[in-house]
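A look at the structure
The lines below spell out each chain.
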Amino acid sequence: MFELTSGRLKEFLTADGVDASAVRHGITAHRIVHATITPAGEPTTASALLVLPDGGGKRLATVSELHGTTAYRGYAPSTGDNVSILGASLYASGGRAAVAPDYLGLGTGPGTHPYVDTRSSVSASLDALRAARTAARGHGRRLTGEVYATGFSQGGQVAMALGRELARGADRRFRLRALAPVAGPYDIEGAELPALFDGRIRGVSGVFYLTYFPVAQNRLHPLYDDPREVFRAPYADRVEALFDNDHPDDEIVRQLPGTVEELLTDQWYERLQRPSGTLAKMIRLNDGVCEWAPRVPVRPHTSDGDRDVPIANTGGCLRDLARHGAYAEVVHHGDADHSGTYRRAIAHNARWFARLD
């Protein structure tokens, strides 16, 4: 897909506001397409980005870099040249393989993306790791099976869930080495949803999430029969078409209102603040990703300035980990906003992963 010398990579990262001091090698990026399963367990395919260092030896550990929310398949790591490739590029330049799954329905994968269906994002991410082992051999490299799991926003939640599955022995060829989730919505019911209604999450982001979330989940669970039950006019007539994963995020935002109050019907405005029934069950299926005891170093990243995934999510994750006897060292990025937290976190992680070798 693309190649960058170490010098060009430093320029690329620095221009995007990322500290490039951890860059040691140039990189070569490849798109891989692999078999996986749908949420219903049916066979399908998905794509992923595999980034290999131009140095670092023949045997490489792997960073699983899990991307944040996007509704556009063209912004996924293997099809985008945007923020979704920053982390994978930086991590690979340190002398590891980096695997960045596109998830289902994004990149070149068929169908639509089951947004916030953590189980299928984990299965697709595991299958991307498996496919990367085979693909790397074709480029003269061997992946050792040591996995550093990290991810941003939606990917932070997936990273914790992927780490749990690896720790449980989901595939004996992989060994979890460290966890470094960044600004993940680990507690949708207790932290993220309340913040969407009390002003801690800014309007445009809140509207985007509260549209994408029920539309995508309704394809998996019977949340509504008609979009007009959930969304006010004129938005009810356009939301399902907008979130078909073929529309860029900025195009979607232009066709949505500026506030949650303008978006939701009175019934769903109340229902999302007090989930019950199928809605509550669906949310709880995706919460709880921190309710286990990692036996590897854990460094969650967060910030006070994040108006997309408030710091309360990380606080809840820390409490869950502590209840299970696990300790995590939080990396706090001050007043950085959501994307700023990511840019600072990947530079920190690149240096940290190098010290863990």
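This structure is a prediction, so every number in the text was calculated from the model and none was measured.

Procedures and definitions
Counting from 1, residues in each chain are numbered in the order their sequence is written. pLDDT decides what is reported in this predicted model: residues at 70 or higher carry local features, side-chain atom pairs at 80 or more are listed and counted, and totals for whole chains, interfaces and linings draw on all residues regardless. Each side-chain value is derived from all of the structure's non-hydrogen atoms; neither hydrogens nor water enter the calculation. Only protein chains enter the area calculation, which uses a 1.4 Å probe; residues under 20% of their type maximum are buried, those over 50% are exposed, and those in between are partly exposed. Strands are runs of DSSP state E lasting at least two residues, helices are runs of H or I lasting at least four, and both sets are numbered from the N terminus onward. Any two strands are treated as partners once DSSP identifies two or more bridges connecting them. If the strands point away from the viewer and the path from the first strand over the helix to the second runs clockwise, then the crossover is right-handed. By convention a nonpolar core is built from buried Ala, Val, Leu, Ile, Met, Phe, Trp, Tyr and Cys residues, the set being connected through side-chain atoms within 4.5 Å. Only heavy atoms enter the contact rule, under which two residues are in contact if any of them lie within 4.5 Å. Between the rings of Phe, Tyr and Trp (Trp by its six-membered ring), a pair exists once the centres lie within 6.5 Å; its type follows the angle of the planes, with under 30 degrees stacked, over 60 edge-to-face, and the other angles tilted. The rule is short: NZ of Lys or CZ of Arg within 6 Å of the ring centre and within 35 degrees of the ring normal puts a charge over the ring. Cysteine sulfur pairs qualify as disulfides if the two atoms are within 2.5 Å. Every definition here rests on a 1 Å grid over the protein atoms only: cavities are sets of points where a 1.4 Å probe fits but cannot get out, pockets are open sets enclosed by protein on both sides within 12 Å along at least five of seven lines, and lining residues have some atom within 4 Å of a point. Grid points are joined across faces, edges and corners, and a volume is the space filled by probe spheres set on the points.

Section: the pairing of strand S7 (residues 175-182)
Of all eight residues making up S7, six are buried, and the element is well covered by its neighbours. Where strand S6 (residues 142-152) lies against S7, seven bridges are found, and the strand directions are parallel. Counted as the bridge partner of Thr150 is Ala180 from S7. Since S6 and S7 lie parallel, the crossover through helix H4 (residues 154-167) that links them has a hand, and here it is right-handed.

Quick notes on the nonpolar core
Within the largest apolar cluster, 40 residues are counted, with the highest numbers of intra-cluster contacts made by Leu50, Met160, Leu166, Leu176, Leu179, Cys290 and Leu321. Contributions of two or more residues to this core are made by strand S3 (43-53), strand S4 (59-66), strand S5 (97-101), helix H3 (118-137), S6, H4, S7 and helix H12 (312-323). The element that contributes the greatest number of residues to this core is H3, accounting for seven residues. Leave out the neighbours within four places in its chain, and Leu321 touches Met160, Cys290, Trp292, Pro294, Ala326 and Ala328. Ranked by size, the runner-up nonpolar core spans 37 residues in total, among them Leu193, Ala236, Leu242 and Leu256.

Let's talk about the packing of aromatic side chains
Overall, the coordinates contain eleven aromatic pairs when judged by the stated rule. Between Tyr72 and Tyr75 the ring centres are 4.8 Å apart and the planes differ by 85°, which places this aromatic pair in the edge-to-face class. A relative accessible area of 23% places Tyr72 in the partly exposed class. A relative accessible area of 27% means that Tyr75 is categorised as partly exposed. An aromatic cluster is defined as three or more aromatic residues linked by ring pairs; in this entry it consists of Tyr115, Phe208, Tyr209, Tyr212 and Phe243. Across the ring face of Tyr148, the terminal group of Arg96 is positioned such that the distance to the ring centre comes to 5.4 Å.

Let's talk about the state of the cysteines
Here the structure, examined in full by the defined rule, presents one disulfide. Between Cys290 and Cys317 runs a disulfide, and the two sulfur atoms are separated by 2.0 Å. Measuring the twist about the S-S bond at about -90°, one finds the Cys290-Cys317 disulfide to be left-handed. One end of the pair, Cys290, is in the loop between helix H11 (277-286) and strand S8 (301-302); the other, Cys317, is in helix H12, and 27 residues separate them in sequence. In terms of burial, Cys290 and Cys317 fall into one category: buried.

Considering empty space enclosed by the protein
Scanning all chains against the criterion turns up two cavities of 30 Å³ or more. Space inside the largest cavity adds up to approximately 220 Å³. Taken together, 15 residues make up the lining of the largest cavity; nearest its centre are Tyr115, Val116, Pro185, Glu192 and Tyr209. When residues in the lining of the largest cavity are grouped by element, the largest group, four residues, is from helix H5 (residues 188-198).

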